[in-house]
Structures are given as C-alpha cells and as structure tokens.
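Tertiary structure, described
Here is what each chain is made of, one letter per residue.
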Amino acid sequence: MGDEAVTSAPVTPEDGAAGESGLLYGIVNEIISSPLNLVLVGVITILLYKIIRSRQQPTTLPEPEPELPRLRRDFTVSELKAYDGTQPDGRLLVAVNGTVYDVTKGKRFYGPGGPYSAFGGRDASRGLATFKVTSSSEDQYDDLSDLNASEMETVREWEQQFKEKYIVVGKLLKPGEQPTNYSDEVEQGAADGAGEQPRT
C-alpha cells in the first residue's frame, strides 16, 4: 500500500456560483416536478400573504354598547314578553325558576336570531329543564309542579349559573301576587354612591 495523495483542484469563484445555481435549480426543479409540492407552496404563499396583510390593517374594535340603566322590578308573564330584545333599547330579560335576569349582555345567545332566542322575554325554566329550546305560546305562569326531581335539579343548576353571570332584575309574579317595592333599594344605592355594580 502506497501513499496515495488525494489532490483536488482549487475552487474558483466561478465554480462556487455554478454550484449554488445548480442547487437552486435542483430545488426549483423538485418543487415544480411534484403537484403536491406546488399545492403546498401555494398554501404557504397564501398564508404568508394573509399574515402580512393582517398586520398592515389597523384593527378597529366595535364601539361598546351603551350601558342600559339598571332595571329593578317584578314582572308578570305578559309584561316580561316586551323584553325580548326587539324594542329600541334592545333589553333582554329571561326568567329562571321565578327570578328575572337581565341577559342583555348575552344578546348573541338570547336575542333575535340567537340560538336561545326562544327564551328572550320568557320564562326559560321548562325549556332549560327539558333541554328543549322552544317558546311557549301560553301567557300563563308555569309553576313547574309537573317536573320530576332530576328536571328540577337541572333548573336549579341553570338558576345558579344565571345568578353568577347576569344581574337579577326581580321576580316573575304568580297570578294574583303583588310586586315587591324596590324603591328602598334604589334609594339606598343612590345614598351609598354608585350602588351595586353590574357583574361581568
């Protein structure tokens, strides 16, 4: 075994440029030779365009809805119907287990066109208990006495969720029941300053 010398020719700048263009040519050739690669390049290009474009556009937030004055009173079933979100101020009230809640901030759900719009301006207790999102055409108070224990437990769970998320407006009045006078609470809140702040 002899010593064999391995010699290589010196690399000239022209050879480096030819090697780089050969590599670039190989990559481009690989991309255009496969339809899958062409689709991937197209998707990447579109995504990059959308990212760059979204960063250039100033984001404008929608103007916040004006806050409605706090409502504190009791309602009959027929009075509650007026608060289904279609009136000019857009106020939405929903009753659950005898308590009326202001759900105006949830108008995407309870307002006209929302998935639970059947509950807007109504007593939603039976629908929540039976998992049926339909509006009752009856203008009568529903005492829920025919619901079983499981359905009543479901109503109580929903009631707890409404209490945590929405402002209590008052009670849903039974036939012949007199409304509560909340003027003392309103006067007390005014005397204390800002009164009770809405929960978010």
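Remember, predicted model here, so these are calculated numbers, not experimental data.

Some words on the overall build of the chain
Counting its regular elements, the chain contains 7 helices and 4 strands. Every one of the 200 residues in the chain was classed for burial, and the buried ones make up 26%. Carbon together with sulfur atoms contributes 56% to the accessible area of the chain, which is approximately 14,600 Å² in total.

Re the sheet that holds strand β1 (residues 93–96)
The strand order β3-β1-β2-β4 describes an open sheet built from 4 strands, whose pairing is mixed. Each having just a single partner strand, β3 (122–123) and β4 (167–171) make up the two edges of the open sheet. Pairing between strand β2 (residues 99–102) and β4: 4 bridges, direction antiparallel. For aspartate 102, the partnering residue across the bridge sits in β4 and is isoleucine 167. Lying on the sheet, helix α6 (residues 149–165) is in contact with β1 and β2; it crosses β1 at an angle near 140°.

Things to note about the UniProt feature "transmembrane region" (unreviewed entry) in the chain
With numbering matched to this structure, UniProt assigns "transmembrane region" (unreviewed entry) to residues 31–49. Taken end to end, residues 31–49 comprises 95% helix and 0% strand; its first and last C-alpha atoms sit 20 Å apart.

Focus: a nonpolar patch on the surface
There is a patch of nonpolar side chains on the surface, built from Leu36, Leu40, Ile44, Leu48, Ile51 and Ile52 and spanning about 570 Å² of accessible area. Structurally, leucine 40 is set in helix α2 (residues 35–56). The class for leucine 40 is partly exposed, based on a relative accessible area of 44%.

A closer look at the nonpolar core
Within the largest apolar cluster, 16 residues are counted, with the highest numbers of intra-cluster contacts made by Val94, Val96, Val103, Tyr110 and Phe162. Listed by contribution, the elements that provide at least two residues to this core are β1, α5 (125–130) and α6. Counting residues per element, this core draws most heavily on α6, at 3 residues. Every residue in contact with valine 103, bar those within four places of it in the chain, is listed here: Leu92, Leu93, Val94, Tyr110, Phe162 and Tyr166. With 10 residues, the next largest nonpolar core counts Phe75, Val77, Tyr83 and Leu93 among its residues.

Comments concerning unusual backbone geometry
We note that phenylalanine 131 has phi near 60°; this positive angle belongs to a residue other than glycine. Examined against the element boundaries, phenylalanine 131 turns out to sit in the loop between α5 and α6.

Quick word on α6
Think of an α-helix as 3.6 residues a turn; residues three or four steps apart then line up on the same face. Look at α6: 25 Å from first C-alpha to last across 17 residues, which is about the 24 Å you get at 1.5 Å a residue. Those residues of α6 lying buried are Met152, Thr154, Val155, Glu159 and Phe162. When α6 is viewed along its axis, its buried side chains cluster within an angular range of 155° and face the same direction. Across α6 from its buried face, at more than 90 degrees, point the exposed residues Ala149, Ser150 and Glu164. Looking at the buried side of α6, the elements it contacts are β1, β2, α4 (107–110) and α5. The opening residue of α6 is asparagine 148, an N-cap whose side-chain oxygen sits 3.1 Å from the backbone nitrogen of serine 150.

Basis of the calculations
Residues numbered from 1 in each chain as written. Predicted model: local features only at pLDDT ≥ 70, side-chain atom pairs only at ≥ 80, totals over all residues. Heavy atoms only, no water. Helix = DSSP H or I, 4+ residues; strand = E, 2+ residues; numbered from the N terminus. Buried < 20%, exposed > 50% of the residue type's maximum accessible area, 1.4 Å probe, protein only. Areas by Shrake-Rupley, 256 points an atom, 1.4 Å probe, with all protein chains shown as cover. Pairing = 2+ DSSP bridges. Contact = heavy atoms within 4.5 Å. Axes fitted to C-alpha atoms, helices over the stretch in contact; angles between N-to-C directions. UniProt positions renumbered as here; feature names shortened; annotations may be inferred. Patch = residues over 30% accessible without salt bridge, like charges linked within 9 Å, V, L, I, M, F, W, Y side chains within 5 Å. Salt bridge = Lys/Arg side-chain N within 4 Å of Asp/Glu carboxyl O. Core = buried A, V, L, I, M, F, W, Y, C linked by side-chain atoms within 4.5 Å. Expected span 1.5 Å × (residues − 1). Arc of directions from axis to C-beta. Polar contact = N/O pair within 3.5 Å; in protein donor to acceptor, adjacent residues only side chain to side chain.

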